[in-house]
Amino acid sequence: MPTSITGEVRFQPASDQSLLVYFGEQITLSAHERVRKLLRLFESDPIAGVRNIHPAYSSVLIDFDARKYSHDQLEEVLRAYLGRLGSLRLSEPRQMEIPTCYGGEYGPDLDDVARLHKMTPNQAVELHSSATYVVYFLGFVPGFAYLGGLPESLATPRLDSPRRNTPPGSVGITDNQTGVYPFDTPGGWRLIGRTPIAMFRPDRDNMSYLAIGDRVRFTPISAARFAALKSA
Amino acid sequence: MSFIRVESPGLLTTVQDLGRDGFGTIGVSPSGAADAISLRLGNRLVGNVESAAALEMTLLGGTFIFPEGAIVALTGSDFGAVLDDAAVAPGTSIRVRPGQTIRLGPTRSGARCYLCVQGGIAVPRFLGSASTHLLSGLGGFQGRALRKGDVLQIGPPIQPLHRTSIAPKVAEQFLRRDVLRVTRGPQADWFDESSLREFCSSTYRVGEQSNRMGIRLEGPSISQSKVTSMITEGVSLGAIQVPSGGSPIILFVEQQTTGGYPKIANVISADLHCVGQLRPRDEVRFELVTFEAARSWLIEQERMLASPESILE
């Protein structure tokens with residue numbers, strides 16, 4: 001395969017009915033673009049017998065009907081697919097905004113995060129809300145977007161023991177990622193704020209508020225504004 | 001339409017079908033019956049399509065009243081069911097007369113029992129499926145486990161029905177297994193060969209915290225030889241991930257769609273239904289097989305299920 005077009009690709013069986021496609025072993029925007037392009041191809045030109053697709057930072061897991069394909073046979077079909085990635089053009093990413101009430105009961109870990117980085121809580125908020133993030137993919141639970149681009153000076157290890165509950169809309173950070181919990185799930189990320197926006201709503205056309213490839217900014221709002229948006 | 005009144009829900013009873021495929025891109029895992037084979041056979045016993053929605057009970061069954069009667073079948077584990085006062089055999093179709101009650105007790109074998117009803121359980125579909133996804137509160141009956149007093153609609157019957165039962169040779173084929181067959185996981189080579197060997201020669205105990213998301217295994221901890229942090233990637237059904245603590249977890253039907261822990265192995269497709277029957281404190285072992293063998297067992301299993309002789313009239 002001409003690497004100049006598709007770059008480095010590695011196939012790895014994950015189970016007897018799934019195959020991982022790796023676009024390199026690093027989190028990069030170029031790997032991310034190839035993940036998005038592959039999803040686009042799957043959408044516009046589905047492969048019979050492919051049941052489910054799990055995109056991630058630099059890989060895509062493909063669940064398939066093992067009665068129909070062996071790993072080698074599916075890999076062959078996919079190689080032809082990958083040859084077409086180079087000529088695909090992705091649409092301009094959407095710019096999305098997440099109004100966020102930082103600190104206090106909304107972000108119980110904000111003070112700790114600020115202390116860890118020897119800054120004031122306001123400086124931490126300023127840093128978090130001044131960056132533009134990329135939705136690398138949705139995963140974990142419905143509507144959970146993995147957002148890359150957290151400023152290095154805010155990079156924080158996860159909690160030693162995860163919380164049993166995180167209120168829906170909680171904005172968390174861990175390592176160099178940030179994200180919003182759509183549901184009340186256990187979670188080990190440090191919670192610095194909360195958004196009144198429902199990240200996943202089954203009665204909405206776009207169930208997930210964020211989509212892969214979106215560019216995202218967090219906008220600080222007051223508790224009063226949070227309450228107003230929440231009841232709107 | 002006919003209906004079922006929940007007199008008592010049991011420990012954890014949800015509406016499940018064969019799950020929703022195709023929404024991994026928005027983080028939605030398939031969910032669906034933990035023991036899909038039992039659900040499929042149960043639906044065939046009552047004349048439904050294999051994918052119809054039914055009730056999945058866990059460890060302790062419930063009590064259900066059928067004010068207008070129904071044709072039902074119980075499959076999976078034996079929960080000691082009675083129809084009014086008479087014992088009911090699992091694996092056969094049963095005519096329930098109007099006003100009769102089916103009462104189930106604690107399990108006598110595995111973790112899950114399915115109550116399939118002719119016409120299926122009628123609930124609104126979410127992303128094409130009636131399955132309940134408990135963690136996110138989506139799908140099934142109001143996105144949650146059943147409670148006392150719930151009223152479940154039954155769909156219109158598909159076809160008239162003779163008395164049916166699962167063919168003994170098929171029932172035998174799907175008995176529980178204490179040894180689950182696995183293939184190498186995508187990060188199997190992150191572990192020493194000796195760790196992989198130990199994993200496959202040790203006995204693990206199913207932890208109390210196990211649920212539809214994952215089966216926690218207690219036993220010898222597995223150490224990683226390669227100490228690198230992993231980039232989060234998609235996880236497959238039945239993946240056996242090893243968090244830093246070394247205690248493996250089998251990711252199951254309500255699994256997270258992506259994860260950041262290395263996977264040492266993966267339960268083969270033909271044995272996934274057995275994972276759905278594991279109870280807390282059960283003991284289980286693993287046997288490493290090739291992808292080719294796993295695939296041929298799946299094909300053989302599906303051929304057996306598809307044969308008309310699998311259900312006796």
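Residues numbered from 1 in each chain as written. Chains lettered and ligands numbered in written order. Predicted model: local features only at pLDDT ≥ 70, side-chain atom pairs only at ≥ 80, totals over all residues.

Novice: Quick one: what's the story with the interface of chain B and chain A, residue by residue and with numbers?
Specialist: Each side of the interface is counted separately: chain B has 34 residues, and chain A has 39 residues. Of all the secondary structure elements, the ones that give two or more residues to the side of chain B that touches chain A are β17 (233–234) and α5 (291–306) of chain B. At six residues, the largest contribution of residues to the side of chain B that touches chain A is made by α5(B). Among the residues making up the side of chain B that touches chain A, the classes are represented as 14 nonpolar, 16 polar and four charged. (Contact = placed C-beta atoms within 7 Å. Helix = DSSP H or I, 4+ residues; strand = E, 2+ residues; numbered from the N terminus. Nonpolar A, V, L, I, M, F, W, Y, C, P; charged D, E, K, R; others polar.)

Novice: Just give me the short version of the domain arrangement of chain A, but keep the residues and values in it.
Specialist: All names here are of chain A. Under the domain assignment, chain A is made up of domain 1 (3–87) and domain 2 (95–231). Inter-centroid distance (C-alpha atoms) of domain 1 to domain 2 is 29 Å. Residue assignment for the side of domain 1 that touches domain 2 shows that the elements contributing at least two residues are α2 (29–44) and β3 (50–55). Broken down by element, the side of domain 1 that touches domain 2 gets its largest block of residues, four residues, from α2. Residues of the side of domain 1 that touches domain 2, tallied by class, amount to six nonpolar, two polar and one charged. (Domains from an automatic or database assignment.)

Novice: Just give me the short version of the sheet that holds strand β10 (residues 112–117) of chain B, but keep the residues and values in it.
Specialist: All names here are of chain B. As summarised here, the arrangement of the five strands in space is β2-β3-β10-β5-β8, forming an open sheet in which the pairing is antiparallel. Two strands lie at the open edges of the sheet, namely β2 (14–16) and β8 (93–96), each paired on one side alone. Within this sheet the neighbouring strands show an average axis-to-axis angle of 30 degrees, counted without direction. In this sheet, β10 lies alongside strand β3 (residues 54–58) in antiparallel orientation, the contact comprising four bridges. (Pairing = 2+ DSSP bridges. Axes fitted to C-alpha atoms, helices over the stretch in contact; angles between N-to-C directions.)

Novice: Go over the pairing of β3(A) with me, naming the residues and quoting the values.
Specialist: All names here are of chain A. Along β3, five of the six residues are buried, which leaves the element largely enclosed by surrounding structure. Of the pairings in the sheet, the one linking β3 to strand β4 (residues 59–64) comprises five bridges and is antiparallel in character. If you follow His 54 over to β4, its bridge partner there is Leu 61. Here β3 folds back onto β4 in antiparallel fashion, the turn holding three residues. (Buried ≥ 20, exposed ≤ 12 C-beta atoms within 10 Å, placed from the backbone.)

Novice: Account for the domain arrangement of chain B, naming residues and giving values.
Specialist: Residues and elements named next belong to chain B. Partitioning chain B into domains gives domain 1 (3–164) and domain 2 (179–308). Relative placement of domain 1 and domain 2: their C-alpha centres are 27 Å apart. Taken together, the contacts link 22 residues of domain 1 with 15 residues of domain 2. Across the side of domain 1 that touches domain 2, the residue classes tally to eight nonpolar, eleven polar and three charged.

Novice: Give a description of the environment of B:Pro168 that names residues and reports values.
Specialist: All names here are of chain B. Mapped onto the secondary structure, Pro 168 falls in helix α2 (residues 168–173). Note on Pro 168: 10 C-beta atoms within 10 Å, which makes it exposed. Sequence separation between Pro 168 and Leu 152 is 16 residues; the distance between their C-alpha atoms is 32 Å.

Novice: Explain the pairing of strand β4 (residues 63–66) of chain B to me, and be specific about the residues and the numbers.
Specialist: Residue and element names in this part refer to chain B. Side chains Phe 64 and Phe 66 of β4 all project onto a buried face; the interleaved residues Thr 63 and Ile 65 project onto a face where none is buried. The sheet contact formed by strand β1 (residues 3–8) and β4 spans three bridges and is antiparallel. Bridging across to β4, Arg 5 finds its partner in Ile 65. As defined by bridge partners, β4 adjoins strand β9 (residues 100–103) across four bridges and the pair is classed as antiparallel. Pairing of Phe 66 across the sheet is with Gln 100, part of β9.

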